[in-house]
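# Geometric and topological summary
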Amino acid sequence: MRRPRGEPGPRAPRPTEGATCAGPGESWSPSPNSMLRVLLSAQTSPARLSGLLLIPPVQPCCLGPSKWGDRPVGGGPSAGPVQGLQRLLEQAKSPGELLRWLGQNPSKVRAHHYSVALRRLGQLLGSRPRPPPVEQVTLQDLSQLIIRNCPSFDIHTIHVCLHLAVLLGFPSDGPLVCALEQERRLRLPPKPPPPLQPLLREARPEELTPHVMVLLAQHLARHRLREPQLLEAIAHFLVVQETQLSSKVVQKLVLPFGRLNYLPLEQQFMPCLERILAREAGVAPLATVNILMSLCQLRCLPFRALHFVFSPGFINYISGTPHALIVRRYLSLLDTAVELELPGYRGPRLPRRQQVPIFPQPLITDRARCKYSHKDIVAEGLRQLLGEEKYRQDLTVPPGYCTGRRPCSPPDFLLCASSSGAVLPVRTQDPFLPYPPRSCPQGQAASSATTRDPAQRVVLVLRERWHFCRDGRVLLGSRALRERHLGLMGYQLLPLPFEELESQRGLPQLKSYLRQKLQALGLRWGPEGG
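Summarised in this report is the structure supplied together with it. (Residues numbered from 1 in each chain as written. Predicted model: local features only at pLDDT ≥ 70, side-chain atom pairs only at ≥ 80, totals over all residues. Heavy atoms only, no water.)

### Here we look at the nonpolar core
Among the nonpolar cores identified, the biggest contains 56 residues, and Leu238, Leu253, Leu301, Phe310, Leu331 and Leu334 are the most heavily contacted of them. Of all the elements in the fold, those that place two or more residues in this core are helix H10 (210–222), helix H11 (228–240), helix H12 (247–259), helix H13 (269–280), helix H14 (285–297), helix H15 (303–309), helix H16 (312–319) and helix H17 (324–341). The dominant element in this core, judged by the number of residues it contributes, is H11, at 7 residues. If we ignore the near neighbours within four places in the chain, the residues touching Leu253 are Met213, Val214, Ala217, Ile234, Phe237, Leu238 and Leu245. Formed by 33 residues, the second largest nonpolar core is a distinct cluster that contains Ala92, Leu121, Ile146 and Phe153. (Core = buried A, V, L, I, M, F, W, Y, C linked by side-chain atoms within 4.5 Å. Buried < 20%, exposed > 50% of the residue type's maximum accessible area, 1.4 Å probe, protein only. Helix = DSSP H or I, 4+ residues; strand = E, 2+ residues; numbered from the N terminus. Contact = heavy atoms within 4.5 Å.)

Here it is in structure tokens:
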């Protein structure tokens, strides 16, 4: 049957972030990500939020007719205006617009419209790439509007609004949450409620489940959130639950520490990991190497675990597994770290025939964000400033030789300069320094290699916004490791931070900026530079 003109058709469900708030006639229940959103709320302490995770989920319910006399969707004469207001709320472009639709249409507002407004507010606050600005007075007015009308809500709408208010970060002792909680208690059945003591007490991190802690660790790592309190909670959880955790779970819990370049204050963190590695190394080889990769970024490699993974038995064992290539790639990086950073290590090393390229292609994050990178405009600035023959781009630096050069992560731009500072044509020089570096005291690799070689190698390192943790001050562990290794191999690093690159307006300003940076290192080019 054809639908009459003007009658709204069925609407596809819209995905929401964190929780799903249903409209009239739809069932609703919190998702696992809702629990994670509660845990990550910035306005509550980690211990208190971990207690919120113990609150049992609201039973699936149906936002049906309320005491205001709502009719089912699609039925009755008031269905059109009610649905129209719901669509306006769902399509609001700002929190102020949400408040305007609710305030200007009092005769059309039903109980479930407030939960729709809260859901849309959560979508707006979580929108990307740039959420709309929110004035505090707007949130206060919306809270007062819900507080004034919540006595008319049915129990299901109260549950939905209460859950969404917590997810949106409204304080648990604030007027909105308190009013909704009071209305919820007033509607409790007369029979004695179940014991509430487990719900009201604050939970310690060790009382959380491994699944929730893994979700938290993955969320922090994926979004580059360097939150010390949450990271310390994960470290404490790992120490307390040491005997109950397998290495496959531990590798996920340890991941954010290496990625976010954060060494926890928990004193038993490293001894605990060493015991886990000793216990589980032969059971899960890939998990073992993943844990060591995180510790490599933190410069905390345990010698006993290195002895095991570089042993002939372990290498022969992983050679016949499906993940042999990735394990050998990680072992190659670990071997480089041992060569450059652990002069006191005297155990076995990875044989040359087992070494493979560490980074055979650009990093995934760089490929995904290449259109936002400053690499192209910096390359053009260097071309106009120095000439194409005076620099090389995206070379792979060899930290060793096997059947071919085994590259480290490629530097962005490489220059060769004479001892007097004159920039030399790269084609006339070997752009690579010898690896391993000639024996010299730890910490003097760069200066010694430069003095013995007539040509110094300068690496221009782009520090893009996504190379840092979300706060923009601490380099990610992989980036810090890369720069650390390049410096130890004797390359002189010239960082180009994203804040400085973003402040350059056009190519002329960028060329002037690059000129100042290079001249500050004593480099010369052009007719006066030779």
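### Here's the deal with the pattern of salt bridges
Overall, the coordinates contain 14 salt bridges when judged by the stated rule. Between Arg383 and Glu380 there is a salt bridge whose closest N-O contact spans 2.7 Å. A residue pair is termed a helical-turn pair when its members lie 3 or 4 positions apart in one helix, as Arg383 and Glu380 do in helix H19 (residues 375–386) at 3 residues. Owing to a relative accessible area of 27%, Glu380 belongs among the partly exposed residues under this scheme. Overlapping salt bridges bring together Glu181, Arg184 and Arg185 as one network. (Salt bridge = Lys/Arg side-chain N within 4 Å of Asp/Glu carboxyl O.)

### Overview of the side chain of Ser418
Tracing the sequence through the fold places Ser418 in strand S4 (residues 413–418). For Ser418, a relative accessible area of 15% gives the class buried. At 3.0 Å, the side chain of Ser418 and the side chain of Ser420 are in polar contact. (Polar contact = N/O pair within 3.5 Å; in protein donor to acceptor, adjacent residues only side chain to side chain.)

### Here we look at the pairing of strand S6 (residues 455–463)
With 8 of 9 residues buried, S6 is to be regarded as a mostly interior element. The sheet contact formed by S4 and S6 spans 6 bridges and is antiparallel. By the bridge assignment for S6, Ala417 is matched with Gln456. Of the pairings in the sheet, the one linking S6 to strand S7 (residues 492–497) comprises 6 bridges and is parallel in character. Counterpart to Val458 in the pairing with S7 is Gln492. You can see the chain leave S6, run along helix H21 (residues 477–488) and come back into S7, and the turn it takes is right-handed. (Pairing = 2+ DSSP bridges. Right-handed = clockwise from strand over helix to strand, strands pointing away.)

### A short note on the packing of aromatic side chains
The tally for this structure, following the rule as stated, stands at 6 aromatic pairs. For the ring pair Tyr114 and Phe153, a centre distance of 5.3 Å and an interplane angle of 35 degrees mean the geometry is tilted. In this pair, Tyr114 is assigned in helix H5 (residues 111–125) and Phe153 in the loop between helix H6 (136–149) and helix H7 (155–167), connecting sequence segments 39 residues apart. The burial state of Tyr114 is the same as that of Phe153; both residues are buried. (Phe/Tyr/Trp six-rings, centres within 6.5 Å; stacked < 30°, edge-to-face > 60°.)

### Concerning the environment of Glu483
By secondary structure assignment, the location of Glu483 is in helix H21. On the basis of relative accessibility, which here comes to 11%, the residue Glu483 falls in the buried class. C-alpha of Glu483 to C-alpha of Val461: the two residues are 22 residues apart in sequence and 8.3 Å apart in space. Apart from residues lying up to four places away in sequence, Glu483 is in contact with Val461, Arg463, Leu475 and Leu493.

### Some details on the side chain of Gln297
Relative to the helices and strands, Gln297 resides in helix H14. Not counting residues within four places of it along the chain, the set of residues in contact with Gln297 comprises Gly258, Arg259, Asn261, Gly477, Ser478, Leu481 and Arg484.

### Re H6
Three- or four-residue spacings in an α-helix give side chains the same orientation, since the helix completes a turn every 3.6 residues. End to end, H6 covers 20 Å across 14 residues, agreeing with the expected 20 Å (1.5 Å per residue, within 8%). Contacts made by the buried residues of H6 are with helix H4 (95–104), H5 and helix H8 (175–186). (Expected span 1.5 Å × (residues − 1).)

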